[in-house]
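# Summary of structural features
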Amino acid sequence: MAVDNSQLAALGDPTRRAIFELIAEHPRSVAEITRQVLVSQSAVSQHLKVLRESRLVRAEPKGASNVYHIDPHGLGQMRAWLDRFWSKTLAAYKVAVEQPPEESQ
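Just so we're clear, the structure is a prediction, and the values are computed from it rather than from any experiment. (Residues numbered from 1 in each chain as written. Predicted model: local features only at pLDDT ≥ 70, side-chain atom pairs only at ≥ 80, totals over all residues. Heavy atoms only, no water.)

Read from one edge to the other, the open sheet built from three strands follows the order β1-β3-β2, with strand pairing classed as antiparallel. The open sheet has two edge strands, β1 (28–29) and β2 (57–62), and neither has a second partner. Where β2 and strand β3 (residues 65–70) come together, six bridges link them in antiparallel fashion. Considered in β3, the bridge of Glu-60 is made with Val-67. Lying over the sheet, helix α2 (residues 14–25) contacts β1, β2 and β3, oriented at roughly 90° with respect to β3. Running at roughly 115° to β2, helix α4 (residues 41–53) makes contact with β2 and β3 of the sheet. (Pairing = 2+ DSSP bridges. Helix = DSSP H or I, 4+ residues; strand = E, 2+ residues; numbered from the N terminus. Contact = heavy atoms within 4.5 Å. Axes fitted to C-alpha atoms, helices over the stretch in contact; angles between N-to-C directions.)

What follows is about unusual backbone geometry. Unusually for a residue other than glycine, Arg-55 sits at a positive phi of about 65°. Take Arg-55: it is sitting in the loop between α4 and β2.

A few words on the side chain of His-69. With respect to the helices, strands and loops of the structure, His-69 is situated in strand β3. Residues within four places of His-69 in sequence aside, it is in contact with Ile-23, Pro-27, Leu-56, Val-57, Arg-58 and Glu-60.

Relative orientation of the contacting elements α2 and α4 amounts to 80°, with a least axis distance of 10 Å. By the angle between their directions, the pair α2 and α4 is classed as roughly perpendicular. Here α2 contributes Thr-15, Arg-16, Ile-19, Phe-20 and Ile-23 to the contact with α4, which in turn contributes Val-44, His-47, Leu-48, Val-50 and Leu-51. When its residues are assigned to classes, the contact of α2 with α4 shows seven nonpolar, two polar and one charged. (Parallel < 35°, antiparallel > 145°, perpendicular 65-115°, else oblique. Nonpolar A, V, L, I, M, F, W, Y, C, P; charged D, E, K, R; others polar.)

Keep in mind these values describe shape, not function.
In structure tokens form, the structure reads like this:
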């Protein structure tokens, strides 16, 4: 399974990562996010657009605004991709620790 490069690029920006982490704590509106980060509301909206397009967050209309949630499908794709590396690393570690120790000469 290949990861969507836009997801990696989206999380490569420190402000977007901070916004993503805030949303991961609990769903938030743009106004709530803006109060927590040191950028303008317009900048937060632009960062959210990138996160939405990369399928890391989704917007849910609530009254006159949107509430942003983690997109479980998009995040699941990224996790599956990362888990592949974790599985390979654990398998290699298992092989290494199960080998008999080399005798010193």
